[in-house]
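# Coordinate inspection notes
For reference, the chains in residue letters:
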Amino acid sequence: MKHFNKAITAKREALQISAVYTGVVITISSILMFIVEGGVQEEHFGSIPRYLWWSVVTVTTVGYGDTFPVTVLGKLVAAMTAICGIAVFAIPIGIISAGFTESIGSENSHENS
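Residues numbered from 1 in each chain as written. Predicted model: local features only at pLDDT ≥ 70, side-chain atom pairs only at ≥ 80, totals over all residues. Heavy atoms only, no water.

## Things to note about the packing of helix H2 (residues 12-37) against helix H4 (residues 48-59)
In plain terms, the rule: A fitted line through C-alpha atoms serves as each axis, taken over the contacting stretch for helices, and the angle formed by two N-to-C directions is quoted from 0 to 180°. Strands here mean DSSP runs of E at least two residues long; helices mean DSSP runs of H or I at least four residues long; both are numbered from the N terminus. Roughly parallel refers to an angle under 35 degrees, roughly antiparallel to one over 145, roughly perpendicular to one between 65 and 115, and oblique to any angle outside these ranges. Crossing handedness is read from the near helix: turned anticlockwise from the far helix by less than a right angle, it gives a left-handed crossing, and turned clockwise, a right-handed one. Contacts were defined at the residue level, with two residues in contact if any of their heavy atoms lie within 4.5 Å. Under the scheme applied, nonpolar residues are Ala, Val, Leu, Ile, Met, Phe, Trp, Tyr, Cys and Pro; charged residues are Asp, Glu, Lys and Arg; polar residues are all the others, including Gly.
It is at 8 Å that the axes of H2 and H4 come closest, and there the two elements cross at 125°. Taken together, the axis directions place H2 and H4 in an arrangement best described as oblique. Relative to H4, H2 is oriented so that their crossing is right-handed. The segment H2 lies against H4, with Val-25, Ile-26, Thr-27, Ser-29, Ser-30, Ile-31, Met-33, Phe-34 and Glu-37 engaging Ile-48, Tyr-51, Leu-52, Trp-54, Ser-55, Val-56 and Val-59. When its residues are assigned to classes, the contact of H2 with H4 shows 11 nonpolar, four polar and one charged.

Structure, rendered in structure tokens:
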């Protein structure tokens, strides 16, 4: 736990940038989907807040399946959203892993000195 906390603290700025990336992905995909599918599925996707929910569910790979795109362009936006969703998890995991490794490495170098 000590190394994990140290890793989070050391990589705070990088994790904040990752959180901004997540917000940008969700916002842009919501707006794009509203533009592409809003007129086609007003009952499911009648507003940007509904698309925000869809985007969060898609980015986090939960994918309830209650609402989904029906147009080709909507499916393309959904596919790109899902692919960007992989980075939403991969980036912070890589950042935390690097910080964890650095924390363990610095402790080992102090012990060997």
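## Brief notes about the pattern of salt bridges
Applied cut-off: Here, a salt bridge means any Lys or Arg side-chain nitrogen found within 4 Å of an Asp or Glu carboxyl oxygen. A simple rule labels every residue: compare its accessible area, found with a 1.4 Å probe on the protein chains alone, to the largest value its type can have, and call it buried under 20%, exposed over 50%, or partly exposed in between.
Per the stated rule, a full pass over the model turns up one salt bridge. Two residues, Glu-102 and Lys-11, come together in a salt bridge whose shortest N-O distance is 3.3 Å. Placement of Glu-102 in helix H5 (residues 72-112) and of Lys-11 in the loop between helix H1 (2-10) and H2 is noted, with a sequence separation of 91 residues between them. Judged by relative accessible area, which is 45%, Glu-102 ranks as partly exposed.

## Overview of H2
So the rule is basically this: How far a helix is expected to stretch is found by multiplying one less than its residue total by 1.5 Å.
Taking 1.5 Å per residue, 26 residues should reach 38 Å; H2 reaches 37 Å between its end C-alpha atoms and fits that length. Among all positions of H2, only Leu-15, Ser-18, Thr-22, Val-25, Ile-26, Ser-29, Ser-30, Met-33, Val-36 and Glu-37 are buried.

## A few points about the side chain of Thr-81
If you trace the backbone, Thr-81 turns up in helix H5. The exposure class of Thr-81 is buried, given its relative accessible area of 4%. Residue contacts for Thr-81: discarding those within four places in its chain leaves Ser-29, Trp-54, Ser-55, Thr-58 and Val-59.

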